[in-house]
Amino acid sequence: MFDRLQAVEDRYEKLNELLSDPDVVSDSKKLAKYSKEQSDIQGTVEVYREYKSAKEQLAEAREMLEDKLDAEMKEMVKEEVNELESNIADYEERLRILLIPKDPNDSKNVIVEIRGAAGGDEAALFANSLFRMYSKYAETQGWKIDIMNANPTELGGYKEIVFMINGQGAYSKFKFESGAHRVQRVPETESQGRVHTSTSTVVVMPEAEEVELDLQDKDIRVDIYHASGAGGQHVNKTASAVRMTHIPTGIVVAMQDERSQLKNREKAMKVLRARVYDKLQQDAQSEYDAERKSAVGTGDRSERIRTYNYPQNRVTDHRIGLTIQKLDQIIDGKLDELIDALILEEQAKKLDALNDAAL
């Protein structure tokens, strides 16, 4: 473990040198890459340096115990030794966790897609409930929400809604939400008071920046057409809707929420880049699919990951077997208890994998 920590510190020092190099400073892509790498390991380096300092202090204190000291001074040094030993144990535990391989996307903004699935109008209404839940949670984190595209229903639900959450670390919290969400409740459209079961699907993707994914113009087909749905005269007079097709992957994004064709192009490109980046990650990493299907991770999109039972005020996350009798609070955006449990489980699994590899 300590060889790895020293290697991390050495890399940190090398990055300091690189970030002062005029050739790097003048290259925006290299500058962004090295700055992010340095930021990612800075916390680990700081804790490792505190750990090394505490080890040096402990060695000095133990040497003092070998000197001739009066009883009072000896007792004070012993207390210092005990405190330092406790601190060092804490540092070692923190360093083990910091060495857990990090998801390179954790610090990114996210693009979230929610769709009503099984259940018709009720599924669309539940999609709206999920959107509201995520919006409330994002507000508590100080993150901004930008709706990219929405297909509302007459009853106030969404057949589909796509939105971006802008905030440092958004993906690290939202990545656990991908999958099928099941709701059990009495629909607003139910006159007999019977509980229905419906589902909505959630897809969470990290925002892909241009420095990470350079989509070539020749690989993208852009179609412009008249928007459909609400919009009055604008719908018939202005060709502002945009459909982008990434030819190599066949991924299609349609955007018509804005009156401006330019704004629809910008939003469509963001969603397209995120979808292509997400697909390329899956194709490039042999372990990616396995992680998505594991008990904790980004969640397999075809499997039910969570149930929201309104009559019993209960939420169950099926991946970790966690049940919380606080549905009213969770659906109001208080997701910390759920998300923290998923993060801890993910860390425990990765730590176990590290320990197994070390044996």
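Computed from a predicted model, the values in this text were never measured in an experiment. Throughout this description, residue numbers start from 1 for each chain and increase along the sequence as written. Local features in this predicted model are restricted to residues of pLDDT 70 or higher, and side-chain atom pairs are both shown and tallied only at a pLDDT of 80 or more, whereas totals for entire chains, interfaces and linings draw on every residue. Note that the side-chain values use all heavy atoms of the structure and ignore hydrogens as well as water.

### Some thoughts on the nonpolar core
- Only buried Ala, Val, Leu, Ile, Met, Phe, Trp, Tyr and Cys residues count toward a nonpolar core, and they belong to the same one when joined by side-chain atoms within 4.5 Å. Residue burial is assigned from relative accessible area. The probe radius is 1.4 Å, only protein chains are included, and a residue is buried under 20% of its type maximum, exposed over 50%, and partly exposed in between. Grouped together as the largest cluster of nonpolar side chains are 34 residues, with contacts concentrated most on Ile114, Tyr134, Ile165 and Tyr308.
- Where helices and strands are cited, they refer to DSSP runs of H or I of at least four residues and of E of at least two residues respectively, numbered from the N terminus. Those elements that provide at least two residues to this core are strand 1 (110–116), helix 5 (121–140), strand 3 (158–166), helix 6 (170–174), strand 5 (196–206), helix 10 (327–330) and helix 11 (336–358).
- For this core, the element with the most residues is helix 5, which contributes eight residues.
- Counting 19 residues, the second-largest nonpolar core is a separate cluster that includes Leu215, Ile220, Val253 and Ala268.

### Here we look at helix 5
- In this analysis, the expected span of each helix is defined as 1.5 Å times one less than the number of residues it contains. Helix length check: helix 5 (20 residues) gives 29 Å between terminal C-alpha atoms against 28 Å at 1.5 Å per residue, within 8%.
- Counting buried residues in helix 5 gives 14 out of 20 residues, a clear majority hidden from the surface.

### With respect to the packing of aromatic side chains
- Pairing of aromatic side chains requires ring centres within 6.5 Å, counting the rings of Phe and Tyr and the six-membered ring of Trp. Pairs whose planes differ by under 30 degrees are stacked, by over 60 edge-to-face, and all others tilted. Taken as a whole and assessed by the stated rule, the structure comprises eight aromatic pairs.
- For the ring pair Phe131 and Tyr158, a centre distance of 6.0 Å and an interplane angle of 80 degrees mean the geometry is edge-to-face. With Phe131 in helix 5 and Tyr158 in strand 3, this residue pair connects regions lying 27 residues apart in the sequence. One exposure class covers both Phe131 and Tyr158, and it is buried.
- Arranged with centres 5.4 Å apart and planes meeting at 65 degrees, the rings of Tyr134 and Phe174 form a pair that is edge-to-face. With Tyr134 in helix 5 and Phe174 in helix 6, this residue pair connects regions lying 40 residues apart in the sequence.
- Relative accessible area serves as the criterion here: at 0%, Tyr134 is assigned to the buried category.
- Judged by relative accessible area, Phe174 falls into the buried class, the value being 1%.
- Chaining the aromatic ring pairs together yields one cluster made of Tyr134, Tyr137, Trp143 and Phe174.
- Positioned above the aromatic ring of Tyr310 is the side chain of Arg185, whose terminal nitrogen or guanidinium carbon lies 5.0 Å from the ring centre. To sit over a ring, a charge needs its Lys NZ or Arg CZ within 6 Å of the ring centre and within 35 degrees of the ring normal.

### What about unusual backbone geometry?
- Positive phi outside glycine occurs at Asn313, with the angle close to 50 degrees.
- With a relative accessible area of 25%, Asn313 lands in the partly exposed category.

### Some points on the pairing of strand 2 (residues 144–152)
- The pairing criterion is simple: DSSP has to find at least two bridges between the two strands. In terms of strand pairing, strand 2 meets strand 3 through eight bridges, oriented antiparallel. Bridging across to strand 3, Asn151 finds its partner in Glu160.
- Between strand 2 and strand 3, which pair antiparallel in sequence order, lie five residues; one of them, Gly156, sits at a positive phi of approximately 100 degrees.

### Remarks on a nonpolar patch on the surface
- Nonpolar side chains collect at one region of the surface, where Met64, Met73 and Met76 lie side by side and expose about 260 Å² of accessible area between them.
- As for its position among the elements, Met64 is in helix 3 (residues 28–66).
- With a relative accessible area of 34%, Met64 lands in the partly exposed category. Patch membership needs two things, relative accessible area over 30% and no salt bridge, and members are linked within 9 Å if like-charged or within 5 Å if nonpolar (Val, Leu, Ile, Met, Phe, Trp, Tyr). In these tables, accessible area is a Shrake-Rupley quantity obtained with a 1.4 Å probe, and a residue counts as shielded only by the protein chains included in the view. Just to be clear on terms, a salt bridge is a Lys or Arg side-chain nitrogen sitting within 4 Å of an Asp or Glu carboxyl oxygen.

### A closer look at the environment of Ile330
- Mapping Ile330 onto the fold places it in helix 10.
- For Ile330, a relative accessible area of 3% puts it in the buried group.
- In this structure the C-alpha to C-alpha distance between Ile330 and Lys136, which are 194 residues apart in sequence, comes to 9.8 Å.
- Pairs of residues are marked as contacts when any of their non-hydrogen atoms sit within 4.5 Å. Discounting residues that sit within four places of it in the chain, Ile330 has contacts with Met133, Val315, Ile324, Leu335 and Leu338.

### Regarding the sheet that holds strand 8 (residues 251–255)
- Read across the sheet, three strands follow the order 6-7-8 without closing on themselves; strand pairing throughout is antiparallel. Looking at the sheet topology across the chains shown, the edges are occupied by strand 6 (220–225) and strand 8. Taken pair by pair, the neighbouring strands of this sheet meet at an average axis angle of 15 degrees, ignoring direction. Angles shown run from 0 to 180 degrees and are taken between the N-to-C directions of axes, each axis being a line fitted to C-alpha atoms and, for helices, limited to the stretch in contact.

### Here we look at the confidence of the model for the protein
- As a per-residue quantity, pLDDT reports the predictor's confidence and falls between 0 and 100. Summary statistics for the protein give a mean pLDDT of 82 and a share of 86% for residues scoring 70 or more.
- Within the model, the stretch residues 291–301 combines pLDDT values under 50 with 38 contacts to residues more than four positions away or in other chains.

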